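Here is what each chain is made of, one letter per residue.
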Amino acid sequence: MSFDASQPAQSDGLRLLAVHAHPDDESSKGAASMARYAAEGVQVMVATCTGGERGDILNAEAASDPQAHRDLAGIRRVEMAQAAAELGIQQRWLGFADSGLPEGDPLPPLPFGSFATLPLERAAAPLVKLVREFRPHVVISYDENGGYPHPDHIMAHKVAVEAYHAAGDPERYPEAGSAWEPLKLYYDRAFNPERFRALHYALEEAGLQSPYAARLAAWLEADAEGHQPPMPNHRTTTQIDCGDFFRHRDRALLSHRTQVEPAGFFFAVSEEMQRTVWPWEDFSLIHARVETSVPETDFFAGIR
C-alpha cells in the first residue's frame, strides 16, 4: 500500500496514526475522534500490535458460536475490518502474538515470543517502518501504564514512543525506510476520572442507576486521604469535540462481537446524555515539534 506524503493544507494531506494493542482497543479509545477526523478528510491509520488471539470471549452470545472457539484470531480479524469500515479509517496489523492477561499469585510467565516479552527494538521495528511509510503528523498511544496495566498495552506504549522518537533519525532502524519525523505525540485518556464522575452524577440526577459507582469508589480508596480520586499521570490538554460521531464509535464497538456485550458497560449511558454531559474525547499532549498552546481542541493545532 502506498500513501500520499504531500504537505498538509487544512485537513487535506494531514495524517494521524493511533497505536493499539489488540483489535477492539481502537473502538473503545479515541474512536469517535478518529471517525471525526476521517470524515473531515484526514488520513487516519490504526496500527494493531497483536491479533488478540489470547483474549477471552466476553460476550455470552458469541461464546455459543463454535467458530469463536476454533478460530478466535480469524474472527477478530473480521471484526476489526468491520470496525475500521464503520470508523472510515485504515488499519494495519503489526503481526505480533497476543501475550494474554496473566492471572494468579504469583503471576505465571508470559507466553514465549509474545509481544510483551520481546526486546524493544524488535517490537518497535515494524511500527517504525509503518511510520516512515504512512508519514503521520500526529501519533496517539497509551500512557506508561498502558491505560490499564495489561502487558501488551504497556508494550504498545513503549513501541509507540520509540517509533515517534526514532523514525526521524536515519541512523536508527536504517532498514525500515526513509526517515520521517512525526510532529506531535498524544496519550489517550479514555478512562479519565473527570469524565466518569460527570456521567455518574448525570445518571444519578436523572434517577438512573450508574455503572460507575464501583470504579469511582476504587479511585477514592486509592487516595491516601480518602476524599479525592488519585491524580492521573498526565492531565488533559486536548479535548476533541466528537459527539456527532459517538454512534460510529458505538457501531465499531459492536463490530467486536466476541469482546463487547451490546448491553454492557460501554453502552450504559445514552448517546444523547453523553453528548450533553461530555461530548469530547480527552488526550494529553506529551511532545510537540511545533508551536502550540494548551488547552487544545485540535490534534493538528500548530500544524495546519
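Let us look at the structure shown here. (Residues numbered from 1 in each chain as written. Predicted model: local features only at pLDDT ≥ 70, side-chain atom pairs only at ≥ 80, totals over all residues. Heavy atoms only, no water.)

### Describing the overall build of the protein chain
When its secondary structure is counted, the protein chain shows 11 helices and 7 strands. What you see for the protein chain is a C-alpha radius of gyration of 19 Å, in line with the 19 Å of a compact globule of 304 residues. Reported as C-alpha extents along the three principal axes, the dimensions of the protein chain are approximately 55 × 45 × 40 Å. Looking at the 304 residues of the protein chain, the share that counts as buried comes to 48%. Expressed as a percentage of contacts within the protein chain between residues at least 6 apart in sequence, the contacts between residues at least 24 apart total 80%. For the protein chain, the exposed area adds up to about 14100 Å²; of that, 51% sits on carbon and sulfur atoms. Of the charged side chains in the protein chain, 27 are positive and 44 negative; the average position of the first set lies 5 Å away from that of the second. (Helix = DSSP H or I, 4+ residues; strand = E, 2+ residues; numbered from the N terminus. Rg over C-alpha atoms; globule rule 2.2 N^0.38 Å. Buried < 20%, exposed > 50% of the residue type's maximum accessible area, 1.4 Å probe, protein only. Contact = heavy atoms within 4.5 Å. Areas by Shrake-Rupley, 256 points an atom, 1.4 Å probe, with all protein chains shown as cover. Lys, Arg positive; Asp, Glu negative; His and termini not counted. Charge placed at Lys NZ, Arg CZ, Asp CG, Glu CD.)

### Concerning empty space enclosed by the protein
As enumerated under the stated definition, the model contains 2 cavities of 30 Å³ or more in all. Looking at the largest cavity, its volume works out to about 280 Å³. If you trace the largest cavity, you find 25 residues lining it, with Ser28, Ala190, Arg195, Arg249 and Phe266 closest to the centre. Those elements that provide at least two residues to the lining of the largest cavity are α1 (25-28), α8 (193-205), α10 (246-255) and β7 (280-288). Here the lining of the largest cavity is built from residues that sort into 12 nonpolar, 5 polar and 8 charged. Approximately 50 Å³ is the volume found for the second largest cavity. Surrounding the second largest cavity, Ala18, His20, Lys29, Gly30, Ser33, Met34, Ile140, Asp188, Phe283 and Phe299 form its lining. Residue assignment for the lining of the second largest cavity shows that the elements contributing at least two residues are β1 (15-20) and α2 (31-40). Of the residues that constitute the lining of the second largest cavity, the class distribution is 5 nonpolar, 3 polar and 2 charged. (1 Å grid on protein atoms, 1.4 Å probe; cavity = no way out; pocket = protein on both sides within 12 Å on 5 of 7 lines; lining within 4 Å. Points joined across faces, edges and corners; volume = space filled by probe spheres on them. Nonpolar A, V, L, I, M, F, W, Y, C, P; charged D, E, K, R; others polar.)

### Some thoughts on the nonpolar core
Ranked by internal contacts, the top residues of the largest apolar core, which has 32 residues, are Leu17, Phe115, Leu127, Leu130 and Val159. Discounting chain neighbours no more than four positions away, the residues touching Leu127 are Leu17, Val19, Ala47, Leu94, Val159, Ala160 and Ala163. One finds Ala38, Ile89, Phe299 and Ile303 within the second-largest nonpolar core, a separate group that totals 30 residues. (Core = buried A, V, L, I, M, F, W, Y, C linked by side-chain atoms within 4.5 Å.)

### Some details on the side chain of Arg15
For Arg15, the location among the structural elements is in strand β1. Residue classification places Arg15 among the buried positions, given a relative accessible area of 0%. Within the local environment of Arg15, its side chain forms a polar contact with the backbone oxygen of Arg135, the two atoms lying 2.6 Å apart. (Polar contact = N/O pair within 3.5 Å; in protein donor to acceptor, adjacent residues only side chain to side chain.)

### Observations regarding the pattern of salt bridges
Across all of its chains, the model carries 17 salt bridges by this definition. A salt bridge links Asp298 to Arg304; its shortest N-O distance comes to 2.7 Å. Residue classification places Asp298 among the buried positions, given a relative accessible area of 14%. Three or more residues joined by partner-sharing salt bridges are found here, namely Arg36, Glu40, Asp298 and Arg304. (Salt bridge = Lys/Arg side-chain N within 4 Å of Asp/Glu carboxyl O.)

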